[in-house]
Each structure stands twice: as structure tokens, then as C-alpha cells.
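Given next are the chains, with one letter for each unit.
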Amino acid sequence: MAVLFMLGAITVLPCMNVVARYLSADYSTTQIVWARYTGHLVFALLIFMPRHGIGLLRAQKPGVHIIRSILMFCCTCLFFLALRYVEVPIASAINFTSPIIVTALAVPFLGEKVGIRRWIAVLVGFGGALVIIRPGGAESHWAMFLVMGTAFFYAVYQVLTRKYASSDSAETSITYIALIGALITSVALPFDYRLPDNALDYGLFALTGFLGGLGHFFVIKAFRLGEASLLSPINYGQLLMATLMTFLIFGTLPDALTWLGAGIIVGSGLYITYREARRARSTRIAAEAVAER
């Protein structure tokens, strides 16, 4: 079941990003982010409120949920702003440095020990990002660094999730994320808003919110039901879906160096996942051996 949820996520989320890039040609980032979170909130309330009622918003650590929601909001703002200037596959590839950043942050914030092999993988992964960004080169764009900011904020979000993991449901988590994002953007929206030009754009704004809510739900459910070592390789399928959707809608493809950099980032991320899974397995076996004594 976890694999099915992840397959759903890698299909839905790139579609949302492509729609956001399409809308960014005519509408502000504020308006697109507002549609993403407001639609997400409507989706969450319609689907989950009948079953959970007001209990949907009861959380063991509401403060942590609010902080995580703000971090996710920052991720979305930076990523959607970058999509005004950067193709979706390129932004998606750079954004996959997030698991690499998590490894680096796990040392000071989680007290985890990271061996020399994983540190090398971290450096190699950042090297892959530099291959894509190519600072100072003709293909470089300042918006690519916004995506690095997205990756950083999402890494902090993941670290908080690890540190303050609770029994709160996936439904509660995605509702908090939607609520905080909708509240913040609703304050800013009146200063940066225009009515959609046609029925298609109205539909795309609504679709952005629906896909955001559905995709986030899929990701949370997948990682709660399955092991990261199994799901992470599937998650990188977002790159292929983003490339396909971008080609179908915009008729563009990443160049060879972008593919090379993406391959380096993915390879580093997969190696880190493998090493962490192996370390977790060794720790579990040692604990079981001690318990049997």
C-alpha cells in the first residue's frame, strides 16, 4: 500500500508544479500560493472533517505543527517563485538535495553520528547541484538558489518531523499545513490579486489546491506505512514525471549537464538512504541481541 501511495505522489505533485508554472506567466506568486493552500484546506475539510469533526485540529504538539506548517509554506513560496524563471525538472532536481541537507543537519540537531562515507555523499550531492546551477555560467539563474532555499526549509521540516514524531494522524498534519498557508496568504492576497481571465484559469487554480492536498496526503501516508529505504528510490520518479509533463505542455527538455547533475544528486541521495537503512538495521539487530541476553 505504501508503494501505491508513493506512486500517486510522484504523479500528482509534478502535475501541480507544472500547473503553477503555467499560471505564473499571467498571475502573481502570491495568488498561486493562495490557491494552492486554500484549495488544499477545502480538500482537507471536505474529506476529513465529516469523520473527525473538530478533533481534526487537536494535536499533541500544536506548536510543532505550526512551525512545520510555516516551514512548508516557505518551501512552497520559494519553489513557486523560482518556477517563474526555472523549468520544473531543473527545480525538482535541485530540490532533491533536501535529503542530503537532512543528513548534514542530523548531526547538530538530532545528535546522530554521520560517517565519512555519508559526508562524502553529502559533498558529492552538493557538487551535483552545482553542475545544474553552474554559477556564473550562461545557463545559471539566480532563481535556482531559491530552490536551494526550498530544499533547506524542507530539510528542517523533515528534521523536526523526526525529532518530534507523534501519533497525530496524517489528516491532522496536512490540515494544519493547509490552514496556516491559507491564513498567511489570505492576508497578503488583497494587495497582489487579479481575477482569472477565463474558465480554464479558474479551473487550474482550483486544480492546484486539490493536487497539493492530495499529493501531500499521499506522501505522508506512504512514509507512515513503508520504509524510507524502499520509498525514496520511487520518490525520485518525480523527476521523470516532471520532465514528461514539461515536455508535453511547454515542449522543452533539460540539457545534458542538468541530467548529469540530477543523476549525481539522485545517486548521492540513494546512497545516503542505503547507508542509513543499513545503520538502522545494525542498531536494531544489536538491540535485539542485548534483549535476548
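All values derive from a computational prediction rather than experimental measurement.

**Q** Hey, could you go over the packing of aromatic side chains for me, with residue numbers and the actual values?
**A** Under the definition given, this model contains 12 aromatic pairs. With 5.0 Å between their ring centres and 75° between their planes, Tyr 27 and Phe 205 make a pair best called edge-to-face. With Tyr 27 in the loop between helix 1 (2-23) and helix 2 (29-52) and Phe 205 in helix 9 (residues 199-225), the pair connects residues that are 178 residues apart, well separated along the chain. As far as burial versus exposure is concerned, Tyr 27 and Phe 205 are alike and both buried. The interplanar angle of 50° and the centroid separation of 4.7 Å between the aromatic rings of Phe 96 and Tyr 236 together place this pair among those described as tilted. Placement of Phe 96 in the loop between helix 4 (88-95) and helix 5 (98-110) and of Tyr 236 in the loop between helix 10 (228-235) and helix 11 (237-250) is noted, with a sequence separation of 140 residues between them. Under the relative-accessibility criterion, Phe 96 is labelled buried at 10%. Tyr 236 sits in the buried class, given a relative accessible area of 8%. Ring pairs connect the aromatic residues Phe 5, Phe 43, Phe 48, Phe 210, Phe 217 and Phe 218, which therefore count as one cluster. Positioned over the ring face of Phe 250 is Arg 21, at 5.6 Å from the centre of the ring.

**Q** Which residues make up helix 9, and what values do they have?
**A** Its 27 residues give helix 9 an end-to-end C-alpha distance of 39 Å, which sits within 8% of 39 Å, the value for a rise of 1.5 Å per residue. The backbone nitrogen of Leu 200 lies 3.2 Å from a side-chain oxygen of the residue at the head of helix 9, namely Asn 198.

**Q** Describe unusual backbone geometry, and please don't skip the residues or the numbers.
**A** Backbone geometry places Arg 134, a non-glycine residue, at a positive phi of 50°. Its place among the elements puts Arg 134 in the loop between helix 6 (116-133) and helix 7 (143-163).

**Q** Describe the environment of Glu 171, with residues and values.
**A** Position of Glu 171 relative to the elements: it lies in helix 8 (residues 170-188). Linking Glu 171 and Ala 182, residues 11 residues apart in sequence, is a C-alpha distance of 16 Å. Leaving out residues up to four positions away in the same chain, Glu 171 has contacts with Phe 48, His 52, Leu 56 and Phe 217.

**Q** Just give me the short version of the layout of surface pockets, but keep the residues and values in it.
**A** Gaps left between atoms are located by rolling a probe of water-molecule size over the structure's atoms. Roughly 230 Å³ of volume is contained in the second largest pocket. Lining the second largest pocket are 18 residues; nearest its centre among them are Glu 87, Ile 90, Glu 139, Met 144 and Thr 258. Split into classes, the residues belonging to the lining of the second largest pocket amount to nine nonpolar, five polar and four charged.

**Q** Please provide a residue-by-residue account of empty space enclosed by the protein, values included.
**A** A complete count under the given rule lists one cavity of 30 Å³ or more for this structure. As a volume, the largest cavity reaches approximately 50 Å³. Lining the largest cavity we find Pro 89, Ile 90, Ala 93, Leu 239, Thr 243, Pro 254, Thr 258, Trp 259 and Ala 262. If you list the elements that add at least two residues to the lining of the largest cavity, you get helix 4, helix 11 and helix 12 (256-292). Looking at the lining of the largest cavity, its residues break down into seven nonpolar, two polar and no charged.

Thresholds applied
Residues numbered from 1 in each chain as written. Predicted model: local features only at pLDDT ≥ 70, side-chain atom pairs only at ≥ 80, totals over all residues. Heavy atoms only, no water. Phe/Tyr/Trp six-rings, centres within 6.5 Å; stacked < 30°, edge-to-face > 60°. Helix = DSSP H or I, 4+ residues; strand = E, 2+ residues; numbered from the N terminus. Buried < 20%, exposed > 50% of the residue type's maximum accessible area, 1.4 Å probe, protein only. Lys NZ or Arg CZ within 6 Å of the ring centre and 35° of its normal. Expected span 1.5 Å × (residues − 1). Polar contact = N/O pair within 3.5 Å; in protein donor to acceptor, adjacent residues only side chain to side chain. Contact = heavy atoms within 4.5 Å. 1 Å grid on protein atoms, 1.4 Å probe; cavity = no way out; pocket = protein on both sides within 12 Å on 5 of 7 lines; lining within 4 Å. Points joined across faces, edges and corners; volume = space filled by probe spheres on them. Nonpolar A, V, L, I, M, F, W, Y, C, P; charged D, E, K, R; others polar.

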